[in-house]
2 protein chains.
Amino acid sequence: MAENDVVFVGNKPVMNYVLAVVTQFNNGAKDVRIMARGQAISRAVDVAEVSRSRFLSDVVVKGISISTEVLNTERGETNVSAIEIILGK
Amino acid sequence: MAENDVVFVGNKPVMNYVLAVVTQFNNGAKDVRIMARGQAISRAVDVAEVSRSRFLSDVVVKGISISTEVLNTERGETNVSAIEIILGK
């Protein structure tokens, strides 16, 4: 899987990321990984659901995994949850 | 799966739901389903990760699914994303 087949979801509006996902499929990607951490996890699920149901009817959720990442901040290490949603044809 | 083996995650602190999950396993549940909608999805992932890594070392994520639910509000129908995380031994 090429590195550009990953969409990192942050604090922008959902449709920005949906557009990124749809564009990657239109450019020939077989799978697109949607990744997010912390509060953006909810938005990542929105991105997957909107992409699939409104724009990419031939795409399914191939896998979802969750994990915990350790971030180094000014106040020391902190744990943050992460999600990875793989959409594919 | 008994109906009480489901934990619905809302706006309370993460540890409240972690306690509910741990209690259900201690009461003999083989699987516990963690469910959430909208903004609470991020918290549901936190609940699963904290439960598993800190309290239930013999429990794994058995499955994760996402979906879209239609809510009837005063302003008409609206779509909301949902997640279901199944933890099991």
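Residues numbered from 1 in each chain as written. Chains lettered and ligands numbered in written order. Predicted model: local features only at pLDDT ≥ 70, side-chain atom pairs only at ≥ 80, totals over all residues. Heavy atoms only, no water.

A. Examining the interface of chain B and chain A more closely. With 19 residues of chain B in contact, the opposing surface of chain A contributes 19 residues. Carbon and sulfur atoms supply 58% of the area that chain B and chain A bury against each other, a total of about 1400 Å² over both sides. Between the two partners, chain B and chain A, sit 0 salt bridges. Applying the counting criterion to the chain B and chain A interface returns 9 residue pairs in polar contact (both at pLDDT 80 or more). Those elements that provide at least two residues to the side of chain B that touches chain A are α2 (40–55), β3 (60–73) and β4 (76–88) of chain B. Counting residues per element, the side of chain B that touches chain A draws most heavily on α2(B), at 7 residues. Counted by class, the side of chain B that touches chain A contains 10 nonpolar, 7 polar and 2 charged residues. (Contact = heavy atoms within 4.5 Å. Buried area = accessible area lost by both parts, 1.4 Å probe. Salt bridge = Lys/Arg side-chain N within 4 Å of Asp/Glu carboxyl O. Polar contact = N/O pair within 3.5 Å; in protein donor to acceptor, adjacent residues only side chain to side chain. Helix = DSSP H or I, 4+ residues; strand = E, 2+ residues; numbered from the N terminus. Nonpolar A, V, L, I, M, F, W, Y, C, P; charged D, E, K, R; others polar.)

B. Seen up close, the pairing of β4(B). Residues and elements named next belong to chain B. Relative to β4, strand β2 (residues 31–37) runs antiparallel, the two sharing 7 bridges. Among the inter-strand pairings, alanine 36 is bridged to a residue of β4, identified as isoleucine 83. Pairing of β3 with β4, which is carried by 13 bridges, proceeds in the antiparallel orientation. Bridged to isoleucine 64 within β4 is isoleucine 85. In textbook terms, the turn of a hairpin is the stretch between consecutive antiparallel strands, and for β3 and β4 this stretch comprises 2 residues. (Pairing = 2+ DSSP bridges.)

C. Structural detail: the nonpolar core. Membership of the largest hydrophobic core comes to 50 residues, with the highest contact counts inside it found for Ile83(A), Ile83(B) and Ile85(B). Once you skip the residues sitting within four places of it in the chain, Ile83(B) turns out to touch Ile83(A), Ile34(B), Met35(B), Ala36(B), Ile41(B), Ala44(B), Val45(B), Ile64(B), Ser65(B) and Ile66(B). (Core = buried A, V, L, I, M, F, W, Y, C linked by side-chain atoms within 4.5 Å. Buried < 20%, exposed > 50% of the residue type's maximum accessible area, 1.4 Å probe, protein only.)

D. Structural detail: the relation of the copies chain B and chain A. Placing chain B over chain A gives an RMSD of 0.0 Å and needs a rotation angle of 180°, together with 0.0 Å of translation along the axis. Such a combination of rotation and displacement between the chain copies is what one expects of a two-fold axis. Relative to the rotation axis, the closest C-alpha in chain B is found at Ser42(B), a distance of 2.6 Å. Comparing contact sets, 100% of the residues at the interface of chain B also lie at the interface in chain A, consistent with an isologous, same-surface contact. (Least-squares fit on C-alpha atoms with pLDDT ≥ 70 in both.)

E. Structural view of the sheet that holds strand β1 (residues 6–9) of chain A. Residue and element names in this part refer to chain A. Strands sit in the order β1-β2-β4-β3 across an open sheet of 4 strands; the sheet is mixed. In the strand order of this sheet, the two ends are held by β1 and β3 (60–73), each with one partner. The average undirected angle you get between the axes of adjacent strands in this sheet is 20°. Along the sheet, helix α1 (residues 14–26) makes contact with β1, β2 (31–37) and β4 (76–88), crossing β1 at roughly 180°. Helix α2 (residues 40–55) rests against β1, β2, β3 and β4 of the sheet, and its axis sits at about 5° to β4. (Axes fitted to C-alpha atoms, helices over the stretch in contact; angles between N-to-C directions.)

F. Quick peek at α1(A). Residues and elements named next belong to chain A. A rise of 1.5 Å per residue sets the reference length of α1, with its 13 residues, at 18 Å; its end C-alpha atoms lie 19 Å apart and thus fit the reference within 8%. Tyr17, Val18, Val21, Val22, Gln24 and Phe25 are the residues of α1 that are buried. Projected down its long axis, α1 shows its buried positions confined to an angular sector of 160°, all on one face. Away from the buried face of α1 by more than 90 degrees, exposed residues Leu19 and Asn26 are located. In the core, the buried residues of α1 are packed alongside β1, β2, α2 and β4. Glycine 28 sits one or two residues past α1 and shows a positive phi near 105°. (Expected span 1.5 Å × (residues − 1). Arc of directions from axis to C-beta.)

G. Main features of the side chain of Ser81(B). With respect to the helices, strands and loops of the structure, Ser81(B) is situated in strand β4. Assessed through its relative accessible area of 6%, Ser81(B) is described here as buried. Here the side chain of Ser81(B) touches Asp46(A) through a polar contact of 2.5 Å, side chain to side chain. Once residues lying within four places of it in the same chain are set aside, the contact partners of Ser81(B) are Val45(A), Asp46(A), Glu49(A), Ala36(B), Arg37(B), Gly38(B), Ile41(B), Ser67(B) and Thr68(B).

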